[in-house]
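Listed below, chain by chain, are the residues.
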Amino acid sequence: MIDLLRRISQCNRVVYLTVAMGVALIATGWWAHAASPHGSWGPLSFALICAGAGTGVSWLVRSSIKVPVEDTVQAVIRIAKGDLETKIESPGRDELSWLRAELNGMRKKLRALVVEVRQSVQSVAAASEQIARGNGDLSTRTESQAAALQETASTMEELADT
């Protein structure tokens, strides 16, 4: 039984509990109807109305919780996959809206951090390119100086030989 309960979502547990209570209420109403000397339908009718209303209210509560939670989970999955552009709407003032607003704030900060890291990477790449160009220029000048020094050395040898 415990394993079965673990597989049922919290929202569905509320609905199932309400339905079970409704069934118990109907059974009690039926028993009251059967036990009354005049066979009054009042208790059974009241039980049926209460059970139907309870089930309807539990479905409304389930829908008001389940859909926003599923939307929030989908948004978190998109963020985890790298989509930092998707805004997480938080239209209400309840705890779930508060959570969604905080998740949206986290998404914005994460996006700003990614933009900052990209800018830093671009700056490092530009600096590396400049250093590489500077090294190439230095290499060319060093080769030129070495050639000039070799020419000077050879001229000095010729002068020394004469």
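Residues numbered from 1 in each chain as written. Predicted model: local features only at pLDDT ≥ 70, side-chain atom pairs only at ≥ 80, totals over all residues. Heavy atoms only, no water.

### Considerations on the overall build of the chain
And step 1. Each helix and strand in the chain was counted, giving four helices and zero strands.
And step 2. Shown N-terminal to C-terminal, the secondary structure of the chain runs as helices and strands in the order α-α-α-α.
And step 3. In the chain, 49% of the contacts between residues at least 6 apart in sequence involve partners at least 24 apart.
And step 4. With an accessible surface of roughly 12,500 Å², the chain has 64% of that area assigned to carbon and sulfur atoms. (Helix = DSSP H or I, 4+ residues; strand = E, 2+ residues; numbered from the N terminus. Contact = heavy atoms within 4.5 Å. Areas by Shrake-Rupley, 256 points an atom, 1.4 Å probe, with all protein chains shown as cover.)

### A few points about a nonpolar patch on the surface
And step 1. A cluster of nonpolar side chains, contributed by V57, V61, I65, V69, V73 and I77, occupies part of the molecular surface with about 430 Å² of accessible area.
And step 2. Within the fold, V69 resides in helix α3 (residues 42-80).
And step 3. Overall, the relative accessible area of 35% leaves V69 in the partly exposed class. (Patch = residues over 30% accessible without salt bridge, like charges linked within 9 Å, V, L, I, M, F, W, Y side chains within 5 Å. Salt bridge = Lys/Arg side-chain N within 4 Å of Asp/Glu carboxyl O. Buried < 20%, exposed > 50% of the residue type's maximum accessible area, 1.4 Å probe, protein only.)

### Some points on the environment of G56
And step 1. Along the chain, G56 turns up in helix α3.
And step 2. Taking the C-alpha atoms as reference, G56 lies 9.3 Å from T18; in sequence the two are 38 residues apart.

### Details of the side chain of R107
And step 1. Mapped onto the elements, R107 comes out in helix α4 (residues 95-161).
And step 2. Despite its burial, R107 pairs with no opposite charge, the nearest such side chain being E85 at 5.7 Å.
And step 3. Setting aside its immediate chain neighbours within four residues, R107 contacts I79, L84, E85, T86 and K87. (Lys, Arg positive; Asp, Glu negative; His and termini not counted.)

### What to know about α4
And step 1. The terminal C-alpha atoms of α4 lie 97 Å apart, and with 67 residues this matches the ideal 99 Å at 1.5 Å per residue to within 8%.
And step 2. When α4 is considered as a whole, its buried residues turn out to be L96, S97, R100, L103, N104 and R107. (Expected span 1.5 Å × (residues − 1).)

### Some details on the pattern of salt bridges
And step 1. The final tally for this structure, using the stated rule, is two salt bridges.
And step 2. One salt bridge in this structure joins E85 and R111, with 2.7 Å as the shortest N-O distance. Separated by 26 residues along the polypeptide, E85 in the loop between α3 and α4 and R111 in helix α4 bring together distant segments of the chain.
And step 3. Accessibility expressed as a relative area gives 32% for R111, which makes it partly exposed.
And step 4. Across the pair R133 and E129 runs a salt bridge whose closest N-O atoms are separated by 3.1 Å.

### Here's the deal with the side chain of R100
And step 1. Tracing the sequence through the fold places R100 in helix α4.
And step 2. In this structure R100 is buried but unpaired, with D71 as the nearest side chain of opposite charge at 5.0 Å.
And step 3. A distance of 2.6 Å separates a polar side-chain atom of R100 from the backbone oxygen of E89.
And step 4. In this view, R100 contacts P68, D71, T72, I88, E89 and S90; residues no more than four positions away in its chain are not counted. (Polar contact = N/O pair within 3.5 Å; in protein donor to acceptor, adjacent residues only side chain to side chain.)

### Remarks on the confidence of the model for the chain
And step 1. This prediction gives the chain a mean pLDDT of 82; 81% of its residues lie at or above 70.
And step 2. The weakest mean pLDDT in the chain belongs to helix α1 (residues 2-7) at 54; the strongest belongs to α4 at 91. (pLDDT = per-residue confidence, 0-100.)

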